[in-house]
There are 2 protein chains.
Amino acid sequence: MQFQELDTPAALLDLARVQRNIQRMQEKMNRLGVKFRPHVKTSKCTEVVLAQLAEGAQGITVSTMKEAEEFFAAGIQDIVYAVCISAGKLPRALALLRQGCDLKILVDNEQAAHQVCEFGRAHDQQFDVWIEVDTDGHRGGIDPAGDELIRVGTVLQQGGAKVGGVLTHAGSSYELHTQEKLVALAEQERAGCVLAAARLEQAGIRCANVSVGSTPTAFAAEHLEGVSEVRAGVYVFFDLVMHNVGVCEMDDIALSVLTTVIGHQPEKGWVLVDAGWMAMSRDRGTANQHRDFGYGQPCLLNGAPVVGFKMISANQEHGILAADDSTHSIDLIKAFPVGSKLRILPNHACATGAQHEWLNACEAGGNTTPWKRFRGW
Amino acid sequence: MQFQELDTPAALLDLARVQRNIQRMQEKMNRLGVKFRPHVKTSKCTEVVLAQLAEGAQGITVSTMKEAEEFFAAGIQDIVYAVCISAGKLPRALALLRQGCDLKILVDNEQAAHQVCEFGRAHDQQFDVWIEVDTDGHRGGIDPAGDELIRVGTVLQQGGAKVGGVLTHAGSSYELHTQEKLVALAEQERAGCVLAAARLEQAGIRCANVSVGSTPTAFAAEHLEGVSEVRAGVYVFFDLVMHNVGVCEMDDIALSVLTTVIGHQPEKGWVLVDAGWMAMSRDRGTANQHRDFGYGQPCLLNGAPVVGFKMISANQEHGILAADDSTHSIDLIKAFPVGSKLRILPNHACATGAQHEWLNACEAGGNTTPWKRFRGW
């Protein structure tokens, strides 16, 4: 079906952009001489992930056991579950390992390390455990320079687990927007993770994998000495947050939401559309960046942004489009009559994608194929 | 399964609270002498909607064609699709009517009215069309006192459609938090909608249904003279936004997200949990209210709020809990070790519920039954 004919709202994937984004990241990783392990939480879609692997990615990163199970069922063995494990999830991890999945799990504290070892011994299973280190203070992870790192490594090694590596994610890179600061954070992320690995090795704990990454730091990194692999997720679709960070152009954004105009409030200059937060998500990731896109950037069907307009407000199934600047010269209401269609670029591709069961993969000629996206835990 | 044993994150529905909320609204509507037509976009769950109908609700309100189709398949005939229709959705509306569904559709402009009439004539189908009026300026709808109302009614009547009623939604009630203002807005909503109906009748356009409502105005209304029915959605679960508006107590909130502690950052006073925005949604509806709950209010497993703490930040699968006030006396980290569980009350039940495929209906003894929640358009 041609994309213009889809019932609205509908998620569209521009396949040429997806492929270009995949190639750009893989080429960068090849130049830096590291393995690339995409984070599949962005798409949760087999077709997208197979395209990443076909271009040279090695293994995947997941954020839920469901992702691990779904992608293992799709034939992918090499999987890092990059959220600190809790004991309640170990039976599902064990089941995957017993089926032949090369699953790596994560801990960032002694309690979790003890729980993994205890469960492993009880089930005669050596888990491959990576240790999360904190290189930018934004969320979880252990100080790469502190004593806790060695304690956790020791608990794992003495408890019968295999310490497979160290892993970090400099998620604070999303808050930056200058090349200089991004380069500095990428180096901080690299250096912290390499330090953690070296300290574990010095303590007699073998640490084969050194895993770093976020989309902005992956693009900013000038060298990755001591790093074995990079992880990144959102680069595959990109979004307005990444555009504000400065790592993509507007026309690299591969995900958009097709919507239909359903009414107007002429005195206010409002165009009402049938994509609300259920279709766009409630993500307001650009709110604190240098350019606030509201709930998204409206574009014509050919993908050209309607410059100066944004989705200023969203209810569950209503979006309101209006000018950024009330002196704008385009008559939005005349330009977009009831029944006309637009495409809205999202703030955050992971969040907007998650609102949709189907990603309509759109070829250059406009023909679409529905690609299933799964969800849940 | 007992709710504590569920894999996390998981959505929990406290059935006793759901039932109490349903009864409270139905009793209020019975006292006011109006029909009650719940908005099912909050739950999208058959079991919840059947409980609303069992208590006396008459018909349902939907926000998507998918809801209309799913609930018609579940045996519900009387359905108002309360988003202005676009021509692209008329074939699905027609299919429902042809199967015996008593579907009412909505327009708020002449273009849409013409499109409905044209499609109806082409398919020999008289649509039952309600006209949306704007009583608080927050979104769509026609001025109840203006000429456009009569023009739209005339287009419909002359074009072969049936004008079934007028409908309004004073959604700006979510921004209020005093009884006085809520009462005034409820009266404004009522008076505007009644005026619209009277003006249509004067113009010779029969207008049998006068439909108003939002959860806050439904509870605030002192009388509903001239109104035939009230619609409300979120009251069935309630949430922190509604608590801030003042229409429910914290212990009326029936939806929560069960989560497991996965780590800590002791120096920062942070507790990391496995419910991020994927489980809570990105809704920050309390951000501009008098009390900001961040991404949600943590509670003990017995439902008691952990006073003074909130989810201050959320990534896709990580939530960060911390004290509102750094001088707080509870040692959160000691109180909530790795592996312990909490329940998080949501800002916005419609948005948080939408993140979940299953609502785990929890009886007084803690036993749960998974109730399916559908999504999509």
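Fair warning: this is a prediction, and the values are worked out from it, not measured in the lab.

For the rest of this paragraph, the subject is helix α1 (residues 15–32) of chain A. Residue and element names in this part refer to chain A. The end-to-end C-alpha separation of α1 is 26 Å, in line with the 26 Å expected for 18 residues at 1.5 Å each. Those residues of α1 that fall on the buried side of the exposure criterion are Arg-17, Val-18, Asn-21, Ile-22, Met-25, Gln-26, Lys-28, Met-29 and Leu-32. In a view along the axis of α1, the buried residues occupy a sector of 160°, so they form one face of it. Turned more than 90 degrees off the buried face of α1, the exposed positions are Ala-16, Asn-30 and Arg-31. Turning to α1, the residues buried within the fold contact β1 (10–14), β2 (35–36), α2 (46–54), α8 (215–220) and β9 (229–230). Of the residues that open α1, the one with a side-chain oxygen 3.2 Å from the backbone nitrogen of Ala-16 is Asp-14. Once α1 finishes, Gly-33 follows within two positions and takes phi at roughly 75°, a positive value.

Here the focus is the packing of aromatic side chains. The tally for this structure, following the rule as stated, stands at 8 aromatic pairs over all chains. In this structure, Lys-268 of chain A is placed above the aromatic ring of Trp-270 of chain A, and the distance from its NZ or CZ to the ring centre is 4.5 Å. It is Arg-24 of chain B that lies over the ring of Phe-219 of chain B; its NZ or CZ is 4.0 Å from the centre.

Using the criterion set out here, one finds 36 salt bridges over all chains in the structure. Linking Lys-372 of chain A and Glu-357 of chain A is a salt bridge whose minimum nitrogen-to-oxygen distance equals 2.6 Å. Separated by 15 residues along the polypeptide, Lys-372 of chain A in strand β17 (residues 368–372) and Glu-357 of chain A in the loop between α12 (349–353) and β16 (358–362) bring together distant segments of the chain. Classification of Lys-372 of chain A by relative accessible area gives partly exposed; the value is 39%. Residue class for Glu-357 of chain A comes out partly exposed when judged on its relative accessible area of 26%. In this structure, the salt-bridge partner of Arg-92 of chain B is Glu-69 of chain B, at a minimum N-O distance of 2.9 Å. Of this pair, Arg-92 of chain B sits in helix α4 (residues 90–98) while Glu-69 of chain B is found in helix α3 (residues 65–73), placing the two residues 23 residues apart along the sequence.

Once that is clear, we can look at the nonpolar core. Core analysis: the largest hydrophobic core is formed by 127 residues, its most contacted members being Leu-103, Val-107, Phe-127 and Leu-156 of chain B. Looking at which element gives the most residues to this core, the answer is helix α7 (residues 179–202) of chain B, with 8 residues. Not counting chain neighbours up to four residues away, the residues in contact with Leu-103 of chain B comprise Met-65, Ala-68, Gln-77, Ile-79, Tyr-81, Ala-93, Leu-96, Leu-97 and Asp-128 of chain B. Counting residues in hydrophobic clusters, the runner-up holds 126 residues, among them Phe-72, Val-129, Leu-176 and Val-212 of chain A.

After a rotation of 180° and a shift along the axis of 0.0 Å, chain B superposes on chain A with an RMSD of 0.0 Å. Those values place the two copies in the arrangement expected of a two-fold rotation axis. When C-alpha positions in chain B are compared against the rotation axis, the closest is assigned to Arg-282 of chain B, at 2.4 Å. A shared binding surface is used by both copies, with 100% of the interface residues of chain B retained as interface residues in chain A.

So, about the domain arrangement of chain A. Residues and elements named next belong to chain A. In terms of domain boundaries, chain A breaks down into domain 1 (15–237) and domain 2 (250–372). Computed from C-alpha coordinates alone, the two centres of domain 1 and domain 2 are separated by 33 Å. Taken together, the contact pairs 18 residues of domain 1 with 16 residues of domain 2. Note on domain 1 versus domain 2: buried area summed over both sides is about 1500 Å², and carbon and sulfur give 60% of it.

As a further point, take the packing of helix α4 (residues 90–98) of chain A against helix α5 (residues 110–122) of chain A. Residue and element names in this part refer to chain A. Between α4 and α5, whose axes approach to 11 Å, the crossing angle comes to 50°. Comparing their axes, α5 and α4 come out oblique. Handedness of the crossing formed by α4 with α5: right-handed. Contacts between α4 and α5 involve Leu-90, Pro-91 and Leu-94 from the former and Gln-115, Val-116 and Phe-119 from the latter.

Bringing α3 of chain B into the picture now. Residue and element names in this part refer to chain B. Those residues of α3 not exposed but buried are Met-65, Lys-66, Glu-67, Ala-68, Phe-71 and Phe-72. Buried residues belonging to α3 abut α2 (46–54), β3 (60–62), β4 (78–84), α4 and β5 (102–107). Gly-75 sits one or two positions beyond α3 and adopts a positive phi of about 105°.

Residue and element names in this part refer to chain B. Neither face of strand β8 (residues 209–212) is exposed, since Asn-209 and Ser-211 on one face and Val-210 and Val-212 on the opposite face are all buried. As paired strands, strand β7 (residues 162–167) and β8 are joined by 3 bridges and run parallel to one another. Directly across from Gly-165, in β8, lies its bridge partner Asn-209. Two strands pair when backbone bridges link them, and β8 and strand β9 (residues 229–230) are joined in this way by 2 bridges, in the parallel orientation. Pairing of Val-212 across the sheet is with Val-230, part of β9.

Our next topic: the sheet that holds β8 of chain B. Residue and element names in this part refer to chain B. The parallel open sheet is built from 8 strands, whose spatial order is β2-β9-β8-β7-β6-β5-β4-β3. In this open sheet, the two strands that pair with only one neighbour each are β2 (35–36) and β3. Docked against the sheet, helix α5 (residues 110–122) engages β4, β5 and β6 (128–132), running at close to 145° with respect to β5. Against the sheet, α7 engages β6, β7 and β8, with an angle of about 160° to β8.

Below, the discussion takes up the interface of chain B and chain A. Taken together, the contacts link 56 residues of chain B with 56 residues of chain A. For the pair chain B and chain A, the two sides together bury roughly 4700 Å², of which 49% comes from carbon and sulfur. Interface area lost by chain B to chain A is led by Arg-139, Arg-375 and Trp-377 of chain B, which between them contribute 19%. The shortest N-O distance in the salt bridge between Asp-283 of chain A and Arg-282 of chain B comes to 2.8 Å. Mapped onto the side of chain B that touches chain A, the elements with two or more residues apiece are β4, α5, β10 (255–265), β11 (270–273), α10 (277–280) and α12 (349–353) of chain B. A total of 5 residues in the side of chain B that touches chain A trace back to one element, the largest contributor, which is β10 of chain B. Of the residues that constitute the side of chain B that touches chain A, the class distribution is 18 nonpolar, 22 polar and 16 charged.

Right, let's talk about the environment of Arg-375 of chain B for a bit. Here Arg-375 of chain B lies in the segment after β17 (368–372). With near-sequence residues (within four places) excluded, Arg-375 of chain B lies in contact with Ala-354, Gln-355, His-356, Glu-357, Arg-373 and Arg-375 of chain A together with Lys-66 of chain B. Within the local environment of Arg-375 of chain B, its side chain forms a polar contact with the backbone oxygen of Ala-354 of chain A, the two atoms lying 3.0 Å apart.

Conventions adopted
- Residues numbered from 1 in each chain as written.
- Chains lettered and ligands numbered in written order.
- Predicted model: local features only at pLDDT ≥ 70, side-chain atom pairs only at ≥ 80, totals over all residues.
- Heavy atoms only, no water.
- Helix = DSSP H or I, 4+ residues; strand = E, 2+ residues; numbered from the N terminus.
- Expected span 1.5 Å × (residues − 1).
- Buried < 20%, exposed > 50% of the residue type's maximum accessible area, 1.4 Å probe, protein only.
- Arc of directions from axis to C-beta.
- Contact = heavy atoms within 4.5 Å.
- Polar contact = N/O pair within 3.5 Å; in protein donor to acceptor, adjacent residues only side chain to side chain.
- Phe/Tyr/Trp six-rings, centres within 6.5 Å; stacked < 30°, edge-to-face > 60°.
- Lys NZ or Arg CZ within 6 Å of the ring centre and 35° of its normal.
- Salt bridge = Lys/Arg side-chain N within 4 Å of Asp/Glu carboxyl O.
- Core = buried A, V, L, I, M, F, W, Y, C linked by side-chain atoms within 4.5 Å.
- Least-squares fit on C-alpha atoms with pLDDT ≥ 70 in both.
- Domains from an automatic or database assignment.
- Buried area = accessible area lost by both parts, 1.4 Å probe.
- Axes fitted to C-alpha atoms, helices over the stretch in contact; angles between N-to-C directions.
- Parallel < 35°, antiparallel > 145°, perpendicular 65-115°, else oblique.
- Left-handed = near helix turned anticlockwise from the far one by under 90°.
- Pairing = 2+ DSSP bridges.
- Nonpolar A, V, L, I, M, F, W, Y, C, P; charged D, E, K, R; others polar.

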